[in-house]
Amino acid sequence: QVGAEQIQVEALQTKLQTLNQRNQTLDEQRKSKVKEAEEAAAKLRLVQIELEQERKARALSGEQHEYLVREKAKMDTAIAELEAQCKALSLDNVKLRSEEERSKMTRVP
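Below or above, wherever it landed, is the structure these notes cover. (Residues numbered from 1 in each chain as written. Predicted model: local features only at pLDDT ≥ 70, side-chain atom pairs only at ≥ 80, totals over all residues. Heavy atoms only, no water.)

1. Focus on the overall build of the protein
On a plain count of helices and strands, the protein comes out with 1 helix and 0 strands. By the compact-globule yardstick of 13 Å for 109 residues, the protein is too spread out, its C-alpha radius of gyration being 46 Å. Based on the C-alpha atoms only, the size of the protein along its principal axes is roughly 160 × 15 × 10 Å. A total of 109 residues make up the protein; the buried ones form 0% of that total. Looking at charge distribution, the protein has the averaged site of its 20 positive side-chain charges lying 4 Å from that of its 20 negative ones. (Helix = DSSP H or I, 4+ residues; strand = E, 2+ residues; numbered from the N terminus. Rg over C-alpha atoms; globule rule 2.2 N^0.38 Å. Buried < 20%, exposed > 50% of the residue type's maximum accessible area, 1.4 Å probe, protein only. Lys, Arg positive; Asp, Glu negative; His and termini not counted. Charge placed at Lys NZ, Arg CZ, Asp CG, Glu CD.)

And the structure:
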């Protein structure tokens, strides 16, 4: 009977050892998965930060674009006004030259 009990104890010890090894393997796998999840969470946070920075950059870019469009419109208006003034001055110069030529002709005997 002692031999049978010894065999039972050895079988139970073997089973316990197998279960402990299985438990250790599962614990290592769990730790590995936890580490992977932590790394994935860290990467996700970095991507979220980059995404937020990109959104801010795009918003700023949009504001700068709108500012530049307004400034271009102002410059186009100013250029058109200067061109109109230049044309008016050119016409005035033509008239003055014509009058000056006429004046020279009327002075000559």
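2. As for the pattern of salt bridges
Applying the stated criterion across every chain, the model contains 8 salt bridges. Note that Arg 30 is salt-bridged to Asp 27, the shortest N-O span being 2.9 Å. One end of the pair, Arg 30, and the other, Asp 27, are both in helix H1 (residues 2-107), 3 residues apart, so they sit about a helical turn from each other. For Arg 30, a relative accessible area of 45% gives the class partly exposed. With a closest N to O distance of 3.1 Å, Arg 58 and Glu 54 form a salt bridge. One end of the pair, Arg 58, and the other, Glu 54, are both in helix H1, 4 residues apart, so they sit about a helical turn from each other. Within this structure, Asp 27, Arg 30 and Lys 31 form a network of salt bridges that share partners. (Salt bridge = Lys/Arg side-chain N within 4 Å of Asp/Glu carboxyl O.)

3. Looking at the environment of Lys 43
Here Lys 43 shows up in helix H1. Each C-alpha atom, one on Lys 43 and one on Leu 16, is 40 Å from the other, the two residues being 27 residues apart in sequence.

4. Thoughts on the environment of Glu 54
Taking relative accessible area as the criterion, Glu 54 reaches 40% and is therefore assigned partly exposed. Separated by 23 residues in sequence, Glu 54 and Lys 31 place their C-alpha atoms 34 Å apart.

5. Focus: the environment of Asn 23
With respect to the secondary-structure elements, Asn 23 resides in helix H1. According to the relative accessible area criterion, Asn 23 is partly exposed, its value standing at 49%. Considering only alpha carbons, one finds Asn 23 and Thr 106, 83 residues apart in sequence, at a separation of 121 Å.

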